[in-house]
Amino acid sequence: MHDSVIALGSNIGDSLTILEAAVKTLHKVPGITYKNISSWYRTKAVGPPQPDYLNGCVNCLVDIEPFELLKILLETENKFGRERKERWGARTLDLDLLLYDDLILDSPTLQVPHPRMLERAFVMVPLAEIVPDWVEPISRRAIKELVKEVDCSGVCLLTDN
Ligand SMILES: Nc1ncnc2c1ncn2[C@@H]1O[C@H](COP(=O)(O)OP(=O)(O)OP(=O)(O)O)[C@@H](O)[C@H]1O
Ligand SMILES: Nc1nc2c(c(=O)[nH]1)N=C(CO)CN2
């Protein structure tokens, strides 16, 4: 079994319903067992002008290798009507593999830890909520320390979770 964290985001459609359905869909995949799910956060969009996002993440035990897990995440995005248009553009569902044990992987189709996670408050805030003591393997620093270095002003807890 491998310990992993998957990030979820949505800013098109009924994002809360989409994210909760995506969490249920992943939960049903054989080989994925949930340990903890973060709260949902309303977050200012990073990238081109677009609506605010809802973001969160899940920590799970997986009996699935990283490339197979990526395939499952991409298939799940497609199932929820994800269309690939501009980079960092609006989307119904975005699923990213953030962390997978202490794996460091840099391949053309998969980088772990997710290469932009440390600079993204919309990732680091929910991540710090559920795995504060996880040591990010490149910096070798705990998530609860790394989150202090990002500007979290655009990230707001969704109160009606
Ligand atoms: N850790 C990862 N998790 C998810 N996708 C990844 C990861 N590393 C590399 N990728 C690759 O990124 C590709 C493009 O992903 P996507 O279209 O969601 O990018 P984006 O969300 O616009 O930008 P960003 O990657 O900065 O979040 C995927 O097809 C996948 O092959
Ligand atoms: N707040 C926020 N901004 C984003 C997000 C996201 O999930 N949340 N995802 C993006 C593409 O990966 C680009 N910008």
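Our subject in this report is the structure included herewith. The shown structure was predicted, so the numbers you read here are calculated from the model rather than taken from an experiment.

## Remarks on the site of ligand 2
Part 1 of the reasoning: As a structural note, the neighbourhood of ligand 2 is formed by Thr 43, Lys 44, Ala 45, Val 46, Tyr 53, Asn 55, Trp 88, Arg 91, Asp 94 and Phe 122.
Part 2 of the reasoning: Here a nitrogen atom of ligand 2 and a backbone polar atom of Val 46 are 2.6 Å apart.
Part 3 of the reasoning: In the model, an oxygen atom of ligand 2 is placed 2.8 Å from a nitrogen or oxygen of the Asn 55 side chain.
Part 4 of the reasoning: Protein contact buries 96% of the 340 Å² of open area that ligand 2 shows by itself.
Part 5 of the reasoning: Grouping the amino acids of the shell around ligand 2 by side-chain chemistry returns five nonpolar, two polar and three charged.

## Some words on the pairing of strand S1 (residues 2–10)
Within a regular strand, the side chains alternate between the two sheet faces.
Part 1 of the reasoning: S1 sits mainly inside the fold: seven of its nine residues count as buried.
Part 2 of the reasoning: Note that S1 and strand S4 (residues 53–62) share nine bridges and pair antiparallel. The residue of S4 that forms the bridge with Gly 9 is Asn 55.
Part 3 of the reasoning: Of the strand pairs in this sheet, S1 and strand S5 (residues 94–100) are connected by six bridges, and their pairing is antiparallel. Looking at S5, one finds that Ile 6 is bridged to Leu 97.

## Quick look at unusual backbone geometry
Glycine aside, negative phi is the norm for most residues, and most peptide bonds take the trans geometry.
Part 1 of the reasoning: Put simply, Val 112 and Pro 113 share a cis peptide bond, and its omega is -5 degrees.
Part 2 of the reasoning: Among the secondary structure elements, Pro 113 is positioned in the loop between strand S7 (111–112) and helix H3 (121–130).
Part 3 of the reasoning: If you check the backbone angles, Asp 101 has positive phi at about 45 degrees while not being a glycine.
Part 4 of the reasoning: With respect to the element layout, Asp 101 can be found in the loop between S5 and strand S6 (105–106).
Part 5 of the reasoning: Owing to a relative accessible area of 27%, Asp 101 belongs among the partly exposed residues under this scheme.
Part 6 of the reasoning: Here Arg 140, not a glycine, exhibits a phi torsion of approximately 60 degrees, which is positive.
Part 7 of the reasoning: Tracing the chain through its elements places Arg 140 in the loop between strand S8 (135–136) and strand S9 (141–142).

## Concerning the environment of Leu 158
Part 1 of the reasoning: Structurally, the position occupied by Leu 158 is in the segment after strand S10 (155–157).
Part 2 of the reasoning: What makes Leu 158 buried here is its relative accessible area of 9%.
Part 3 of the reasoning: Sequence separation of Leu 158 and Trp 88 is 70 residues, and the distance between their C-alpha atoms is 22 Å.
Part 4 of the reasoning: Not counting the four nearest positions on each side in its chain, Leu 158 is found in contact with Leu 16, Trp 40, Tyr 41, Arg 42 and Leu 54.

## What to know about the nonpolar core
Nonpolar side chains tend toward joint burial in soluble globular proteins.
Part 1 of the reasoning: In this structure, Leu 8 and Ile 32 are the most contacted members of the largest nonpolar core, which totals 28 residues.
Part 2 of the reasoning: Put simply, the parts of the chain that give this core at least two residues each are S1, helix H1 (15–27), strand S2 (32–37), S4, helix H2 (66–79) and S5.
Part 3 of the reasoning: Sorting elements by how many residues they give to this core places H1 first, with five residues.
Part 4 of the reasoning: Beyond its immediate sequence surroundings of up to four residues, Ile 32 is in contact with Leu 26, His 27, Cys 60, Leu 61, Val 62, Ile 64 and Leu 69.

## Notes on the pattern of salt bridges
Part 1 of the reasoning: Per the stated rule, a full pass over the model turns up seven salt bridges.
Part 2 of the reasoning: In this structure, the salt-bridge partner of Lys 35 is Asp 3, at a minimum N-O distance of 3.1 Å. Of this pair, Lys 35 sits in strand S2 while Asp 3 sits in strand S1, placing them 32 residues apart in sequence.
Part 3 of the reasoning: A salt bridge links Arg 91 to Asp 94; the shortest N-O distance between them is 3.4 Å. Of the two residues, Arg 91 and Asp 94, both sit in the buried class.

Cut-offs and rules
- Residues numbered from 1 in each chain as written.
- Chains lettered and ligands numbered in written order.
- Predicted model: local features only at pLDDT ≥ 70, side-chain atom pairs only at ≥ 80, totals over all residues.
- Heavy atoms only, no water.
- Near = heavy atom within 4 Å.
- Polar contact = N/O pair within 3.5 Å; in protein donor to acceptor, adjacent residues only side chain to side chain.
- Areas by Shrake-Rupley, 256 points an atom, 1.4 Å probe, with all protein chains shown as cover.
- Nonpolar A, V, L, I, M, F, W, Y, C, P; charged D, E, K, R; others polar.
- Buried < 20%, exposed > 50% of the residue type's maximum accessible area, 1.4 Å probe, protein only.
- Helix = DSSP H or I, 4+ residues; strand = E, 2+ residues; numbered from the N terminus.
- Pairing = 2+ DSSP bridges.
- Contact = heavy atoms within 4.5 Å.
- Core = buried A, V, L, I, M, F, W, Y, C linked by side-chain atoms within 4.5 Å.
- Salt bridge = Lys/Arg side-chain N within 4 Å of Asp/Glu carboxyl O.

Take it as geometry only, folks, not as evidence of what the structure does.
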